[in-house]
Every structure is written in C-alpha cells, then in structure tokens.
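# Chain and residue survey
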Amino acid sequence: AQKVTQAQTEISVVEKEDVTLDCVYETRDTTYYLFWYKQPPSGELVFLIRRNSFDEQNEISGRYSWNFQKSTSSFNFTITASQVVDSAVYFCAPPSGGYQKVTFGIGTKLQVIP
Amino acid sequence: NAGVTQTPKFRILKIGQSMTLQCTQDMNHNYMYWYRQDPGMGLKLIYYSVGAGITDKGEVPNGYNVSRSTTEDFPLRLELAAPSQTSVYFCASSYSSQGTQYFGPGTRLLVL
C-alpha cells in the first residue's frame, strides 16, 4: 500500500527565513507522480507542482524549489525568503485515481511570522 | 474556462435530510473526485469516477452516493444527513489517473 508521510505537523518561521517541508512517499511502484498543493487560510486548494519519479532534477519556481530523491523516497519542498503570504497548509500527495485511491494526509501547517 | 465549480458554497442541514452537492468541470476531464475535509485534517476520498457512467468508492463512501451521466457533472448525494457528515466537501477533476487534480472552491456543510 502507498503511504505519504509529512512528519512536520506545524512549522513556524520568521519572515525571510528559508524553510523546508519534508515528504516521504512509500510505494512499491517503480514509477509514480507526486504533487504538492497549498491550502491558504481562505480554504481553496492550489496546485503547486507535479513531478515524475524519473525526474530527480531540482525544480525551481521563484522562491519555491523541490528536491526529489527516489533513493530515499523523499520529495521535499523549500521556500526561500519566506513571506507572510506563504502561511498555509501544504500537502504532499500522490494521485488518487485508478487503483491508488489515496487520500491526502494532514499536511504541514506553515506559519510565517512577520 | 471556469475550471471546477461547486454549488452551494454553504448549507445547513437537519439530521435525516437529504441533499445533492453539485460539481461541474469544463476542462473535458475524464477523472472526477469527491473529497471531504474535516477541521484540521487532510482530505479523504469519498468517490471518484473515471468517465461517464463509471464510478468507484474511495476511502470513506458510506452515507454517500454519486452518479456520472455526463463528462462535465459529478453530483454527490447525501441521503440521510448525520452530524458526522459535517465537513467541507471538495470536488476535483483531472485528465488522467496520474494527472494534476484541479479543485473546486468547496462546499461547507453543517448538519445539526
């Protein structure tokens, strides 16, 4: 069975600090996708990134970067120079369709303090 | 494109009442999903559909029913509302089982 673990339940950082959110995905699949979503206090779910397990290159988008290491089953997310608007719950999740039927975990709640 | 739309945004039900949560997407996606999110928790998959006429149970299907008569619509039916169904319900769609899921704004349901 697949299992996503976001060990950090809540993180608080001071604005402009860098912060890394951890995600470990256990699966027997040899190829798979993983996603990161953001849920700000307003409640909507915002797609951030989709990565294929074949691709271990770091992905950078502005202040966001992702490090995917298949050997350790980790797909970590780093925010550089955090801002108050980054305060949200962040979910790491595999796709839910097909045989997976996987749900999202509780995510990591990030609070950026001014 | 409007993306994924959900109605209503908020509803209060009495125990035992029934209602249908509506979900429509205009992206011609085959896959559609219903999740519930309880306060401070993650999302739990209720049902999903891989195309018109085909649905399957997720992790927490009890107390709910779905249908998929068209590609665009995926309504979720609550037959006998219970307080345990108080939650925020999200609908999502994707072009494939491995595709990015795009979420609707959610429906907040309160059962009293």
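Structural data are supplied above this passage.
So, here's what we can say about the structure. None of these values were measured; they are calculated from a predicted model. (Residues numbered from 1 in each chain as written. Chains lettered and ligands numbered in written order. Predicted model: local features only at pLDDT ≥ 70, side-chain atom pairs only at ≥ 80, totals over all residues. Heavy atoms only, no water.)

With that out of the way, let us pick up the sheet that holds strand S11 (residues 108-113) of chain A. Residue and element names in this part refer to chain A. Sheet architecture is open: 5 strands sit in the order S2-S11-S10-S5-S6, paired in mixed fashion. This sheet does not close on itself; its edge strands, each paired only once, are strand S2 (10-14) and strand S6 (46-52). The sheet shows a mean angle of 20 degrees between the axes of neighbouring strands, direction not considered. The sheet contact formed by S2 and S11 spans 5 bridges and is parallel. Residue Val13 lies in a different strand from S11, and its bridge partner there is Val112. (Pairing = 2+ DSSP bridges. Helix = DSSP H or I, 4+ residues; strand = E, 2+ residues; numbered from the N terminus. Axes fitted to C-alpha atoms, helices over the stretch in contact; angles between N-to-C directions.)

Residues and elements named next belong to chain B. Read across the sheet, 4 strands follow the order S1-S3-S8-S7 without closing on themselves; strand pairing throughout is antiparallel. The open sheet terminates on both sides in strands that have one partner only, identified here as strand S1 (4-7) and strand S7 (64-66). Here the average twist between neighbouring strands, direction ignored, is 20 degrees.

Side-chain direction in a regular strand flips from residue to residue, so the side chains alternate between the two faces of the sheet. Residues and elements named next belong to chain B. The element strand S5 (residues 43-51) is extensively covered by neighbouring structure, given that 7 of its 9 residues are classed as buried. Taken together, strand S4 (residues 31-37) and the strand that follows it, S5, pair antiparallel across an intervening segment of 5 residues, in which Gly40 is found at a positive phi of about 70 degrees. The pairing of S5 with strand S6 (residues 54-57) spans 4 bridges and is classified as antiparallel. Counterpart to Tyr48 in the pairing with S6 is Asp56. Linking S5 back to S6 in an antiparallel pair, the connection comprises 2 residues, with Gly53 at a positive phi of about 85 degrees. (Buried < 20%, exposed > 50% of the residue type's maximum accessible area, 1.4 Å probe, protein only.)

Before going further, it helps to examine unusual backbone geometry. Pro8 of chain B follows Thr7 of chain B through a cis peptide bond whose omega is -5 degrees. Structurally, Pro8 of chain B is set in the loop between S1 and strand S2 (10-13). Backbone geometry at Lys16 of chain A places phi at a positive 85 degrees, although glycine is not the residue there. Residue placement: Lys16 of chain A occurs in the loop between S2 and strand S3 (19-21). One non-glycine residue, Ser73 of chain A, lies in the positive phi region at around 60 degrees. Take Ser73 of chain A: its relative accessible area is 22%, and that puts it in the partly exposed class.

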